[in-house]
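As a plain string of letters, each chain reads:
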Amino acid sequence: MSDAFTDDLIALLPNLRRFAMSLCRQADVADDLVQITVERALNARDKHDPATRLDAWLFRILRNAFIDMTRRTRTRGVTVDIHDTPEAITVDGEKHTETVLMLASAEAAIDALPEDQRAVMVLICMEEMSYAEAAEVLGVPTGTVMSRLSRARLAVARSLGIK
């Protein structure tokens, strides 16, 4: 049976997956993180304060799950997914090619950022959170979010040859 909490949670699944992908950069791991997040959120739904944004609460759960997973992985060692193959991209037209190249460059520039800057960039620029909300998700002061975002934007602009 569906309720408002579950409906809101389901509506946020694409955002959760996008944030998970920005953290781990592996589709299967991102799916696992989203599953862990949903499970934890449903188990702790009575602890969510309705006065706060649900997405910020979920992003924090997801980030904590990512940290837990990273710590476990470090003790386990490196694993390689033999089924991970790049998708073929069809190119048709000069404008499409330029767009694909620019997006690939931007993605590479964002991926090259340190994890703390990348997380801030995704939360602020892609998930459209306020500085205060991103600070809450990451557990850092708002000023730290602002400085990380500034450094991230400058690094991406330099990488793209914009600045």
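Before reading on, note that the structure itself is shown above.
Since the structure is predicted, the reported quantities are computational estimates derived from the model, not experimental observations.

A. Examining the overall build of the protein more closely. Looking only at helices and strands, the protein has 8 helices and 0 strands in total. For the protein, the proportion of its 163 residues judged to be buried stands at 35%. Sequence-distant contacts in the protein: of pairs separated by 6 or more residues, those separated by 24 or more amount to 66%. A total accessible area of about 10,400 Å² is found for the protein, and carbon and sulfur atoms account for 55% of it.

B. Broad picture of the side chain of Glu127. Relative to the elements of secondary structure, Glu127 occurs in the loop between α6 (115-126) and α7 (131-138). Owing to a relative accessible area of 6%, Glu127 belongs among the buried residues under this scheme. In terms of polar contacts, Glu127 uses its side chain to reach the side chain of Asn15, at 3.0 Å. For Glu127, the residues in contact, after removing those within four places along its chain, are Asn15, Arg18, Phe19, Phe59 and Val122.

C. Highlighting unusual backbone geometry. For Arg25, which is not a glycine, the phi torsion comes out positive at approximately 60°. Checked against the element boundaries, Arg25 lands in the loop between α2 (13-24) and α3 (27-43). Positive phi outside glycine occurs at Glu128, with the angle close to 55°. Considering the arrangement of structural elements, one finds Glu128 in the loop between α6 and α7. Assessed through its relative accessible area of 64%, Glu128 is described here as exposed.

D. Representation of α3. Under the 1.5 Å per step criterion, the end-to-end length of α3 is 24 Å for 17 residues, consistent within 8% with the ideal 24 Å. When α3 is considered as a whole, its buried residues turn out to be Val29, Ala30, Leu33, Val34, Thr37, Val38 and Ala41. Residues of α3 that are buried in the fold lie against α1 (4-11), α2 and α4 (54-76).

E. Quick look at the nonpolar core. By size, the foremost hydrophobic cluster in this structure holds 44 residues, and its most contacted members are Phe19, Leu33, Trp57, Leu58, Leu62 and Leu123. Elements supplying a minimum of two residues to this core: α1, α2, α3, α4, α5 (94-111), α6, α7 and α8 (142-159).

Criteria and thresholds
- Here the residue index of a chain counts from 1 through its sequence in written order.
- Reporting of local features is limited, given that this is a predicted model, to residues whose pLDDT is at least 70; pairs of side-chain atoms are given and counted only at 80 or more, and all residues count toward the totals for whole chains, interfaces and linings.
- Hydrogens and waters are ignored; side-chain quantities use all the structure's heavy atoms.
- The helix and strand labels rest on DSSP assignments: H or I over at least four residues marks a helix, E over at least two residues marks a strand, and numbering proceeds from the N terminus.
- The buried label goes to any residue with under 20% of its type's maximum accessible area, the exposed label to any with over 50%, and the partly exposed label to all in between, with areas taken from a 1.4 Å probe on protein chains only.
- We call two residues contacting when some pair of their heavy atoms lies within 4.5 Å.
- Calculation of accessible area relied on Shrake-Rupley with a 1.4 Å probe; when residues are assessed, cover is drawn exclusively from the protein chains displayed.
- Each polar contact in these results corresponds to two N or O atoms within 3.5 Å; when the atoms are within protein, one needs to be able to donate a hydrogen and the other to accept it, and residues that are neighboring in sequence are counted only if both atoms are side-chain atoms.
- The span expected for a helix works out to 1.5 Å for each residue beyond the first.
- Working definition of a nonpolar core: buried Ala, Val, Leu, Ile, Met, Phe, Trp, Tyr and Cys residues. They are joined through side-chain atoms within 4.5 Å.

Read these as spatial facts, not as claims about activity.
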